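Fold and contact review
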Amino acid sequence: MNRQLRLILSLITLASLVAAVGTLAWRWREAGDIAAVFAGPKPVRVVLLLAMPVVMAGLLAFSVHAQAGRKPGRYEAGFVGLTLITHFALLAAMQGWMILVYLGGVLPDREYVARLLAAFMGLGMSVRGNFFAKLPPPERDGLGGWSRTARRSGLILFVTGLALAACAILLPMPGVITALGGTFFLVLMVSQAQRRATAQLKS
Amino acid sequence: MSEVFKALADPTRRRVLQLLRERPMTAGELAGHFSRSKATLSAHFSVLREAGLIAADKRGVTITYSLRLSVLEDALLAFAETFGIGLAGAGELKAEKSR
C-alpha cells in the first residue's frame, strides 16, 4: 500500500470517527443527559454508528500489514487501491444514512439514494472489470488458461457494471432491483469460474 | 495512455498480441512467426512491455511473454485491427502470417 492510498483511507476513517463521535455529542448536548444518547426505540444504532470507524480502522490495519508474496505490479496496486477506496466510500455513505436516521433528520428520497448507489456500484465494477485481466496469475500460467478466464471475467464485469449503471438511471425501481439481483448472480458465477481456474493452475 | 496508442499503432506488435492471445509464448516461439531480426522483435516486445500490454517472465535465459490487456485496450486493439491503423508494412506482415 502506497502512502497516498494510506492517507486517503486514513482520512475517510478519521472523518467517520469524527462524524460518529460528533453525532453522539450533538445528541448529548441537545438533551443535556448522557442517557438520552442511548434512549429511543433502537439503542443499537449508537453501537452501529461507532462500529463503522472501527470496521474501517480494522480494514486499514489489515491492509497496511498485509504481506504480498511478491512485488505487486502497478495495475495490481491500483486495482486493490480502487477497491479499498470504493468500499470505504460505501461504508461512509452507510454511516451518513445512519446518522440522518439517528438524529431524525430529513432523509433523502430512498429511491434516489438506491439508484445512486446502484449506479456507483455499477461504475465501480466496470472500472475494476476493465483492469481485471491486468492482474498477474497467482502461479506460473504456462498454458494461459487462467489469463483467458481473467480476460473473460473482466469483460463480463465491465459490461455488467455498465449495464447496471444504465439500469439504475433508466429503469423503474423493480427493474433496478432485478438488475442488482442479476449482477449479484453474475459476480458469483465469475468468482466461481476464477476460483476454478486458480485451482487448476495450482494443481 | 500514449504508450498504449503507440504500441497498438504497429501491425507487428498487434500480431504479437494476437499470438499471445492463444497462450503465453517464449521470445523464440514468437520470433518463429516473423521474418524479422531478433533485435527488431526485441524492440517491439520492449514497447509492448513498457505500455503494460504484455508481461515478461524471465527464467534462466528464457523469457516468456504473456498478455495483460484490459477490456478497453482489447477494444482499442480490435479497433486498430479493423481499421488497419499503421499498415505501412502490411504486405510484409501478410507474407509472415501466411508462413
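Values in this document were obtained by computation on a predicted structure and should not be read as measured data.

Two residues of an α-helix separated by three or four positions point the same way, owing to the 3.6 residues in each turn. Taking 1.5 Å per residue as the helical rise, helix 5 (residues 110-132) of chain A with its 23 residues ought to reach 33 Å, and the 32 Å between its terminal C-alpha atoms agrees with that figure. When helix 5 of chain A is considered as a whole, its buried residues turn out to be Arg115, Ala118, Ala119, Gly122, Gly124, Met125, Ser126, Gly129, Asn130 and Phe132 of chain A.

Bringing the domain arrangement of chain A into the picture now. One frequent convention defines the size of an interface as the accessible area lost when the parts assemble. All names here are of chain A. Its domain assignment divides chain A into domain 1 (1-107) and domain 2 (110-203). Once you take the C-alpha centre of each, domain 1 and domain 2 turn out to be 25 Å apart. Facing the eleven residues of domain 1 at the interface are twelve residues of domain 2. Between domain 1 and domain 2 the total buried area reaches about 1200 Å² when both faces are included, carbon and sulfur atoms providing 81% of it. Seen at the junction of domain 1 and domain 2, the total is zero salt bridges. In this structure, the connection of domain 1 to domain 2 is made through zero residue pairs in polar contact (both at pLDDT 80 or more). Taken together, the residues that form the side of domain 1 that touches domain 2 break down as six nonpolar, three polar and two charged.

A few words now on the interface of chain A and chain B. Each partner contributes to the interface: chain A provides 21 residues, whereas chain B provides 19 residues. Between chain A and chain B, roughly 1400 Å² of surface is buried when both sides are summed, and carbon and sulfur atoms account for 47% of that area. Three residues, Lys134, Arg140 and Arg151 of chain A, lead the burial of chain A against chain B; their summed loss comes to 42% of the area buried on that side. Across the contact surface, chain A and chain B share one salt bridge. Of the charged contacts, one joins Glu73 of chain B and Lys134 of chain A as a salt bridge, the two residues approaching to 2.8 Å between their closest N and O atoms.

A few words on helix 2 (residues 11-22) of chain B. Residue and element names in this part refer to chain B. Look at helix 2: 17 Å from first C-alpha to last across twelve residues, which is about the 16 Å you get at 1.5 Å a residue. For helix 2, the full list of buried residues reads Pro11, Thr12, Arg13, Arg14, Arg15, Val16, Leu17, Leu19 and Leu20. Backbone nitrogen of Thr12 and a side-chain oxygen of the N-cap are separated by 2.8 Å at the start of helix 2; the cap is Asp10.

A few words on the confidence of the model for chain B. Averaged over every residue, the pLDDT of chain B is 83; the share at 70 or more is 85%. Across the predicted assembly, pTM comes out at 0.74 and ipTM at 0.79.

We now examine the sheet that holds strand 3 (residues 62-67) of chain B. All names here are of chain B. Spatial strand order, 1-3-2: three strands in an open sheet with antiparallel pairing. Looking at strand neighbours, the two that pair on one side only are strand 1 (25-26) and strand 2 (54-59), the edges of this open sheet. Looking at chain direction, strand 2 and strand 3 are connected through six bridges and run antiparallel. When the sheet's bridge partners are listed, Ala55 is paired in strand 3 with Ser66. Packing against the sheet, helix 2 makes contact with strand 1, strand 2 and strand 3, and its axis sits at approximately 90° to strand 3. Packing against the sheet, helix 4 (residues 38-50) makes contact with strand 2 and strand 3, and its axis sits at approximately 115° to strand 2.

Turning next to the packing of helix 1 (residues 3-31) of chain A against helix 3 (residues 44-65) of chain A. All names here are of chain A. Two numbers describe how helix 1 lies on helix 3: the axes approach to 9 Å, and their chain directions differ by 165°. By the angle class used here, helix 1 and helix 3 are roughly antiparallel. The two elements helix 1 and helix 3 cross, and the hand of that crossing is left-handed. Each of Arg6, Leu9, Ser10, Ile12, Thr13, Ser16, Leu17, Ala20, Thr23 and Leu24 in helix 1 lies in contact with helix 3, whose residues at this interface are Val46, Leu49, Leu50, Met52, Pro53, Met56, Ala57, Leu60 and Val64. Partitioning the contact of helix 1 with helix 3 into residue classes produces 14 nonpolar, four polar and one charged.

Okay, empty space enclosed by the protein next. Going through the model one piece at a time under the given rule, you end up with one cavity of 30 Å³ or more. As for the largest cavity, its lining consists of Gly144, Ser147, Arg148 and Arg151 of chain A together with Leu20, Arg21, Glu22, Arg23, Pro24, Ser66 and Leu67 of chain B. Those elements that place two or more of their residues in the lining of the largest cavity are helix 6 (145-170) of chain A together with helix 2 and strand 3 of chain B. Partitioning the lining of the largest cavity into residue classes produces three nonpolar, three polar and five charged.

Looking now at a nonpolar patch on the surface. A contiguous nonpolar patch, built from Leu7, Leu11, Leu14, Leu17, Val18, Val21 and Leu50 of chain A and spanning about 630 Å² of accessible area, is present on the exposed surface. Here Val18 of chain A lies in helix 1.

Right, let's get into the environment of Arg140 of chain A. Residue position: Arg140 of chain A is located in the loop between helix 5 and helix 6. Classification of Arg140 of chain A as partly exposed rests on a relative accessible area of 43%. Sequence separation of Arg140 of chain A and Ala119 of chain A is 21 residues, and the distance between their C-alpha atoms is 36 Å. Among all residues touching Arg140 of chain A, those that are not within four sequence positions of it are Leu201 of chain A together with Asp57, Arg59 and Thr64 of chain B.

Rules used in this analysis
Residues numbered from 1 in each chain as written. Chains lettered and ligands numbered in written order. Predicted model: local features only at pLDDT ≥ 70, side-chain atom pairs only at ≥ 80, totals over all residues. Heavy atoms only, no water. Helix = DSSP H or I, 4+ residues; strand = E, 2+ residues; numbered from the N terminus. Expected span 1.5 Å × (residues − 1). Buried < 20%, exposed > 50% of the residue type's maximum accessible area, 1.4 Å probe, protein only. Domains from an automatic or database assignment. Contact = heavy atoms within 4.5 Å. Buried area = accessible area lost by both parts, 1.4 Å probe. Salt bridge = Lys/Arg side-chain N within 4 Å of Asp/Glu carboxyl O. Polar contact = N/O pair within 3.5 Å; in protein donor to acceptor, adjacent residues only side chain to side chain. Nonpolar A, V, L, I, M, F, W, Y, C, P; charged D, E, K, R; others polar. pLDDT = per-residue confidence, 0-100. Pairing = 2+ DSSP bridges. Axes fitted to C-alpha atoms, helices over the stretch in contact; angles between N-to-C directions. Parallel < 35°, antiparallel > 145°, perpendicular 65-115°, else oblique. Left-handed = near helix turned anticlockwise from the far one by under 90°. 1 Å grid on protein atoms, 1.4 Å probe; cavity = no way out; pocket = protein on both sides within 12 Å on 5 of 7 lines; lining within 4 Å. Points joined across faces, edges and corners; volume = space filled by probe spheres on them. Patch = residues over 30% accessible without salt bridge, like charges linked within 9 Å, V, L, I, M, F, W, Y side chains within 5 Å. Areas by Shrake-Rupley, 256 points an atom, 1.4 Å probe, with all protein chains shown as cover.

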